[in-house]
Amino acid sequence: MSKTTLPEGLAVNEYLKDNSNYLRGTIEESLADQTTGAVANDDTQLTKFHGFYMQDDRDIRNERKKQKLEPKHSFMLRARVPGGVANMEQWLAIDKIADDLTDYGSLRLTTRQTFQYHGILKPNLKPLIQGICKAGLDSIAACGDVNRNVMCNTNPVDSRLHAETYEWSVKISEHLLPQTRAYYEIWLDEERIADSEAEQEPVYGKWYLPRKFKIAVAVPPHNDVDISANDLSFIAIANKEGGLEGFNVAVGGGMGSTHGDVETYPQLARVIGFIKPEDTLNVAQSVMLVQRDFGNRVDRKNARTKYTVDTLGPDKFREETEARAGLKLEPARDFEFTQQGDRFGWIKGIDENWHLTLFLEAGRIVDKPGQPIKTGLREIAKVHKGDYRMTANQNIIIANVAEADKAEIEGMCRKYGLLGEVLSPLMLDSIACVAMPTCALAMAESERYLPRLIEKFDVIAEKHGIADQPMVIRMTGCPNGCGRPFLAEIAFVGKGPGKYNMYLGADGRGTRLNQMYKENIGEEEILSEIDSLFGQYSKERETNEGFGDFVVRKGFVNAVYDGREFHA
Ligand code: SRM
Ligand code: SF4
């Protein structure tokens, strides 16, 4: 290990990165240690840059403690799939790896258009990573203080604009990948070929970023990627021919906060200008470098780009971006988002192919009694000639189906319970983060609870005659915000077992934050609040008024357009 050249007083992760020899650390030694299912503490921070986290099964944590056993360690791995597109050969490989190399035997689609495996035992990590790489995927920079999986509007083929923006999301992802060969050496047994800093990390440098960095590309009017949860967003602007004129650039969105700490808050992305398509990579890199250079390296709770933008101010942030990019951003162009979430059912693309968006409960792909969806997606993958597209809302699109194959695909979806039941608008627009039993930070259930809670909301909505009214409802097990709860019309954020803070008032378009309405309530109180609110909404709403707009108009919460007013 080299001696650090960093000043004292920085966040501990800064010294870890500095000493890691470009993300190698002692990961190889940790893997070879057969006395434990864990990896060394410092390595748990570095493995995030390689796409995986150490976890333990929290359902059995106390029982094992009583038996004086170490926690049942296993690993969660997240793949990097820019824009969420997987071909069928890849899907079959992804599916088989879940069966062969994970304890849970499931796949979990995430809120950032990729998938995770849970329950990977240490000896299975290397074969698993080799398996996904063989399928042409990887997990480089899926987590860690680097640019993460780049999101893009799903259904890219429903217009020329979508196809072009998807290409940009892939290029941005490739352009901002860390250059260290650590991943290839440790997991793919490649020779070490570079040594100098310039060779190893020409853009990031030795200390990478102060914190995670997230990018999304969106095509208005659909805000399915929730641009306001991203450090950097590119909002596509169409030219007269329907192609890509360029992008508005938005910076400093994010969700994470800590209960009771008003210094932390979710924030909306701010638009700082417009660029031509050919400047996209340069500007993406330059925004990231402003965050690299100005982001807070002392306090990780204050280190995301949203705080850097708030500290510098959007104008200074733009000037610093322009200085690094060597260009001036043009004035932002007009655009409007009209909806979050996915568009379910069949959509026809410009190339005459069809695309079918399917709802997956909290993104979990596993065979359930009467609903063998994992098997179904596998069997469809064996005959489907197009691809699958993972959405930013934990759902999946069977994309590029020829007219002649449409009936067969739809029949298979019905057979395997992928299309079988009629789902309520509340369920379709819901997101639940993973939370228990794998997430180390969960304070309450989410994935295993929200769908059952929404079934109860459906009964209440029916009673008040508003069962056909869409509403964006999200739940997370803690305030880190993985299910983007602060952009939901109704949100529940875990406070403790069975207890949630309830938030109201986002606009259903992803352009306004919600605000806390009730603190630390359990199911009984939640249902009573929902009953009262739905009752008032059904009687007093204006024509076409969404639920989030209604609760703001009625003064239940404030309209929050700046995260610094979130706690007011
Ligand atoms: Fe997240 C940490 C799961 C999207 C904000 N997130 C975690 C960890 C890794 C917990 C941990 O650090 O030990 C969770 C693993 C749970 C598990 O068992 O799988 C976790 N995050 C997820 C996923 C799987 C949720 C899901 O149900 O789909 C999403 C994976 C996305 C991906 O594929 O890359 C996921 N996380 C998000 C999002 C949503 C987004 O990006 O659109 C956010 C809010 C946006 C943002 O970043 O501001 C988000 N995750 C966080 C944070 C808070 C960051 C902050 O600024 O404070 C943490 C904790 C941290 O970083 O310290 C976190
Ligand atoms: Fe875990 Fe909290 Fe993220 Fe849910 S929001 S997955 S509980 S870190």
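What this report covers is the structure whose coordinates are included nearby. Residue positions within a chain follow its written sequence, with the count starting from 1. Written order determines the labels here, with chains lettered from A and ligands numbered from 1. Selection of residues for local features in this predicted model requires a pLDDT of at least 70, selection of side-chain atom pairs for listing and counting requires 80 or more, and totals for whole chains, interfaces and linings are taken over all residues. Values shown for side chains rest on all heavy atoms present in the structure; no hydrogens or waters enter the calculation.

## Some thoughts on the overall build of the protein chain
- Secondary structure follows DSSP: runs of H or I at least 4 residues long count as helices, runs of E at least 2 residues long count as strands, and numbering of each begins at the N terminus. Helix and strand counts for the protein chain come out as 18 helices and 22 strands.
- For the radius of gyration, the atom set is restricted to C-alpha positions; the globular benchmark scales as 2.2 Å times the number of residues to the power 0.38. The C-alpha atoms of the protein chain give a radius of gyration of 23 Å, which matches the 24 Å a tight globule of 568 residues would have.
- Taken across its 568 residues, the protein chain has 60% of its residues classed as buried.
- Of the contacts made within the protein chain by residues no fewer than 6 positions apart, 68% connect residues no fewer than 24 positions apart.
- For accessible areas, the Shrake-Rupley method is used with a probe of radius 1.4 Å. Any residue's cover is judged against the shown protein chains and nothing else. Surface summary for the protein chain: the accessible area is close to 22200 Å², and the carbon and sulfur share equals 50%.
- Here Asp and Glu are counted as negative and Lys and Arg as positive; His is not counted, and neither are the chain ends. To locate a charge, take NZ of a lysine, CZ of an arginine, CG of an aspartate or CD of a glutamate. When the 70 positive and 84 negative side-chain charges of the protein chain are each reduced to one mean point, those points stand 2 Å apart. Type-normalised accessible area, obtained with a 1.4 Å probe on protein chains alone, sets the label of each residue: buried when under 20%, exposed when over 50%, and partly exposed for intermediate values. Contact between two residues is taken to exist if any of their heavy atoms lie within 4.5 Å; hydrogens are not considered.

## Side note on the site of ligand 2
- Near is defined per residue: the residue qualifies when any heavy atom it owns lies within 4 Å of the molecule or strand. In the vicinity of ligand 2, the contacting residues are Cys-433, Val-434, Ala-435, Cys-439, Leu-441, Ala-442, Thr-476, Gly-477, Cys-478, Asn-480, Gly-481 and Cys-482.
- Classification convention: Asp, Glu, Lys, Arg as charged; Ala, Val, Leu, Ile, Met, Phe, Trp, Tyr, Cys, Pro as nonpolar; all other residues, Gly among them, as polar. Within the shell around ligand 2, the residues separate by chemical class into eight nonpolar, four polar and no charged.

## Concerning the site of ligand 1
- Near ligand 1 you find 30 residues, and of these Thr-110, His-118, Thr-438, Cys-482 and Arg-484 are the closest.
- Arg-112 has a polar side-chain atom sitting 2.9 Å from an oxygen atom of ligand 1.
- We call two N or O atoms a polar contact when they sit within 3.5 Å, provided that within protein one can donate a hydrogen and the other can accept it, with sequence-adjacent residues counted only if both atoms are side-chain atoms. Separating an oxygen atom of ligand 1 from a side-chain N or O atom of Arg-304 is a distance of 2.8 Å.
- Elements with a contribution of two residues or more to the shell around ligand 1: β1 (52-56), β2 (73-78) and β5 (115-120).

## Comments concerning the coordination of the iron atom of ligand 1
- Only N, O and S atoms count as donors, using a 2.8 Å limit from the metal and a wider 3.2 Å limit for Na, K and Ca, and since water is excluded some coordination spheres may look unfilled. Just one protein atom donates to the iron atom of ligand 1; it is Cys-482 (SG), sitting 2.3 Å from the metal.
- For Cys-482, the position within the fold is in the loop between β19 (473-476) and β20 (490-496).

## A short note on unusual backbone geometry
- Cis geometry is found at the peptide bond from Pro-220 to Pro-221, where omega equals 10 degrees.
- The topology assignment puts Pro-221 in the loop between β7 (215-218) and β8 (232-238).
- Of note, Leu-23 is a non-glycine position whose phi angle comes to about 75 degrees, a positive value.
- For Tyr-208, which is not glycine, the phi torsion reads 50 degrees and is therefore positive.
- Positionally, Tyr-208 belongs in the loop between α9 (197-200) and β7.

## A look at the packing of aromatic side chains
- Ring geometry is summarised as follows: Phe, Tyr and Trp rings, the Trp one being its six-membered ring, pair when their centres sit within 6.5 Å, and such pairs are stacked at plane angles under 30 degrees, edge-to-face over 60 and tilted between the two. Counted by the stated rule, this structure contains 21 aromatic pairs.
- Both rings, one in Phe-457 and one in Phe-492, keep their centres 5.9 Å apart while their planes meet at 45 degrees; by these two values the pair is tilted. Here Phe-492 lies in strand β20 and Phe-457 lies in helix α16 (residues 450-463), a separation of 35 residues in the sequence.
- Feature note: the residues Phe-534, Tyr-537, Phe-547 and Phe-550 constitute an aromatic cluster, connected by ring pairs.
- For a Lys NZ or an Arg CZ to count as sitting over a ring, it must be within 6 Å of the ring centre and within 35 degrees of the ring normal. One residue, Lys-406, lies across the ring of Trp-354, its end atom 4.1 Å from the ring centre.

## Things to note about the sheet that holds strand β13 (residues 364-365)
- Should DSSP find at least two bridges between two strands, the strands are taken to pair. Spatially, β1-β2-β5-β4-β13 is the arrangement adopted by the five strands of the open sheet, whose pairing is antiparallel. The sheet is open, and its two borders are formed by β1 and β13, each paired with just one other strand.
- For helices, the fitted axis covers only the stretch in contact; all axes are lines through C-alpha atoms, and the angles between them, taken along N-to-C directions, range from 0 to 180 degrees. Docked against the sheet, helix α5 (residues 88-101) engages β4 (107-109), β5 and β13, running at close to 20 degrees with respect to β5.

## A look at the pattern of salt bridges
- Salt bridges, as used here, are contacts in which a Lys or Arg side-chain nitrogen is within 4 Å of a carboxyl oxygen on Asp or Glu. Evaluated as defined, the whole model comprises 56 salt bridges.
- A salt bridge links Arg-61 to Asp-56, with the nearest nitrogen and oxygen atoms 2.9 Å apart.
- Looking at Arg-61, the relative accessible area reads 29%, which means it is partly exposed.
- Between Arg-108 and Glu-447 there is a salt bridge, with the nearest N and O atoms lying 2.8 Å from each other. Placement of the pair is Arg-108 in strand β4 and Glu-447 in the loop between β18 (430-432) and α16, with a sequence separation of 339 residues.
- In this structure, a network of salt bridges that share partners links the residues Glu-14, Lys-17, Asp-145, Arg-297 and Arg-300.

## Topic: the side chain of Arg-297
- Relative to the helices and strands, Arg-297 resides in the loop between α10 (280-294) and α11 (305-312).
- Of the polar contacts made by the side chain of Arg-297, one reaches the backbone oxygen of Tyr-208; its length is 2.6 Å.
- Within the local environment of Arg-297, its side chain forms a polar contact with the backbone oxygen of Arg-292, the two atoms lying 3.2 Å apart.

## Quick notes on the layout of surface pockets
- Think of a 1 Å grid over the protein atoms and nothing else: a 1.4 Å probe that fits but is trapped marks a cavity, an open set flanked by protein within 12 Å on at least five of seven lines marks a pocket, and residues with an atom within 4 Å of a point count as lining. Grid points are joined across faces, edges and corners, and a volume is the space filled by probe spheres set on the points. Taken as a whole, the second largest pocket holds about 410 Å³ of empty space.
- Surrounding the second largest pocket, 23 residues form its lining, Phe-359, Glu-421, Val-422, Leu-423 and Leu-428 being those nearest its centre.
- Per element, the largest residue contribution to the lining of the second largest pocket is three residues, and it comes from α16.
- Residues belonging to the lining of the second largest pocket are distributed by class as follows: eleven nonpolar, six polar and six charged.

## Some details on helix α13 (residues 373-383)
- Most of α13 is tucked away, with eight of its eleven residues classed as buried.
- Among the residues of α13, Ile-373, Lys-374, Thr-375, Gly-376, Leu-377, Arg-378, Ile-380 and Ala-381 are the ones counted as buried.

## Topic: the nonpolar core
- To define a nonpolar core, start from buried Ala, Val, Leu, Ile, Met, Phe, Trp, Tyr and Cys residues and group those joined through side-chain atoms within 4.5 Å. With 90 residues, the main nonpolar core has Trp-91, Phe-115, Tyr-117 and Phe-234 as its most contacted residues.
- Looking at this core element by element, the count peaks at six residues for α5.
- Each residue touching Tyr-117, except ones within four places of it in the same chain, is listed here: Phe-75, Met-76, Leu-77, Ile-94, Ile-97, Ala-98, Thr-102, Ser-106, Leu-107, Leu-128 and Ile-132.
- One finds Phe-492, Leu-504, Leu-533 and Val-551 within the second-largest nonpolar core, a separate group that totals 34 residues.

## Overview of the pairing of strand β16 (residues 387-390)
- Residue alternation in β16 divides its side chains into two sets, Asp-387 and Arg-389 and Tyr-388 and Met-390, and both sets are buried.
- Pairing analysis gives three bridges linking strand β3 (residues 85-87) to β16, with the strands arranged antiparallel. Note on β16: the bridge partner recorded for Val-85 is Arg-389.
- Here four bridges tie β16 to strand β17 (residues 396-401), and the two strands are oriented antiparallel to one another. In the sheet register, Asp-387 faces β17, and the bridge partner there is Ala-399.
- Joining the antiparallel neighbours β16 and β17 is a turn of five residues, in which Gln-394 adopts a positive phi near 70 degrees.

## What about the sheet that holds strand β11 (residues 345-348)?
- Read from one edge of the open sheet, five strands run β3-β16-β17-β12-β11, paired in antiparallel fashion. Each having just a single partner strand, β3 and β11 make up the two edges of the open sheet. Mean inter-strand twist for the sheet, computed between neighbouring axes without regard to direction, equals 25 degrees.
- As paired strands, strand β12 (residues 354-358) and β17 are joined by four bridges and run antiparallel to one another. Paired with Thr-357 across the bridge in β17 is Ile-397.
- Against the sheet, α5 engages β3, β16 and β17, with an angle of about 90 degrees to β3.

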